[in-house]
Amino acid sequence: MGDTQERRVVKLVKQIDGFAKQHGGAEGQVAYIGERGARIVLVGEDGGWGDLVAPTYDIARQAVEKAGITVHEDFDGEFAAKVTTGPYEWTRMAGIQVGGPSNR
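S.K.: Help me get a handle on the overall build of the chain, residues and values and all.
M.R.: A tally of helices and strands in the chain yields four helices and four strands. For the chain, the succession of helices and strands along the chain, N to C, is α-β-β-β-α-β-α-α. Looking at the chain as a whole, 35% of its 104 residues qualify as buried. Here the contacts in the chain between residues at least 6 apart in sequence split such that 51% fall between residues at least 24 apart. Here the chain displays about 6500 Å² of accessible surface, and carbon together with sulfur accounts for 49% of that area.

Right, here's the structure in full:
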């Protein structure tokens with residue numbers, strides 16, 4: 001692993017650790033997003049969520065492994081059910097069309 005790649009992994013691990021500390025722990029899922037790399041979706045024990053983008057899938061996988069969080073293959077089932085959504089998130093996800101609250 002080159003120095004640049006290693007630095008990126010270390011930076012992502014610090015961000016994942018910071019998220020986990022802020023949200024009482026965290027679990028994640030890594031998704032390939034094409035040429036842009038991979039997205040790490042994080043869900044905290046408190047229902048908070050966020051995501052990070054890594055330049056490659058390999059870097060994303062290394063980061064979640066080094067961070068020591070539970071990694072899920074898919075964003076569904078019990079893992080997805082942990083996410084707490086409010087009016088802002090529903091609007092962002094076009095939830096108004098599927099029965100989410102309206103911000104109007």
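S.K.: Residue-level account of the side chain of Gln 62, with values.
M.R.: Looking at the element boundaries, Gln 62 is found in helix H2 (residues 57-67). When its relative accessible area of 15% is taken as the criterion, Gln 62 is described as buried. Of the polar contacts made by the side chain of Gln 62, one reaches the side chain of Asp 58; its length is 2.7 Å.

S.K.: Summarise the environment of Lys 21; cite the residues concerned and give the values.
M.R.: Among the secondary structure elements, Lys 21 is positioned in helix H1 (residues 3-22). A relative accessible area of 72% places Lys 21 in the exposed class. For the pair Lys 21 and Glu 45, spaced 24 residues apart in the sequence, the C-alpha separation amounts to 10.0 Å.

S.K.: Just give me the short version of the pairing of strand S2 (residues 38-44), but keep the residues and values in it.
M.R.: Burial analysis of S2 places six of its seven residues in the buried class, the great majority of the element. As judged from the seven bridges shared by strand S1 (residues 26-32) and S2, these two strands associate in the antiparallel manner. Across the sheet, Ala 31 pairs through a bridge with Arg 39, a residue of S2. The hairpin turn running from S1 into S2, its antiparallel successor, is five residues long, and Gly 34 in that turn takes a positive phi close to 80 degrees. Where S2 lies against strand S3 (residues 49-54), six bridges are found, and the strand directions are antiparallel. Paired with Ile 40 across the bridge in S3 is Leu 52. Connecting the antiparallel pair S2 and S3 is a turn made up of four residues, with Gly 47 showing a positive phi of about 95 degrees.

S.K.: With reference to specific residues and values, describe H2.
M.R.: Three or more residues of H2 are buried, namely Ile 59, Ala 60, Gln 62, Ala 63, Val 64 and Ala 67. Where H2 is buried, its residues contact H1, S1, S2, S3 and strand S4 (70-72). Note on H2: the residue one or two positions beyond its end, Gly 68, has a positive phi of about 75 degrees.

Thresholds applied
- Residues numbered from 1 in each chain as written.
- Predicted model: local features only at pLDDT ≥ 70, side-chain atom pairs only at ≥ 80, totals over all residues.
- Heavy atoms only, no water.
- Helix = DSSP H or I, 4+ residues; strand = E, 2+ residues; numbered from the N terminus.
- Buried < 20%, exposed > 50% of the residue type's maximum accessible area, 1.4 Å probe, protein only.
- Contact = heavy atoms within 4.5 Å.
- Areas by Shrake-Rupley, 256 points an atom, 1.4 Å probe, with all protein chains shown as cover.
- Polar contact = N/O pair within 3.5 Å; in protein donor to acceptor, adjacent residues only side chain to side chain.
- Pairing = 2+ DSSP bridges.

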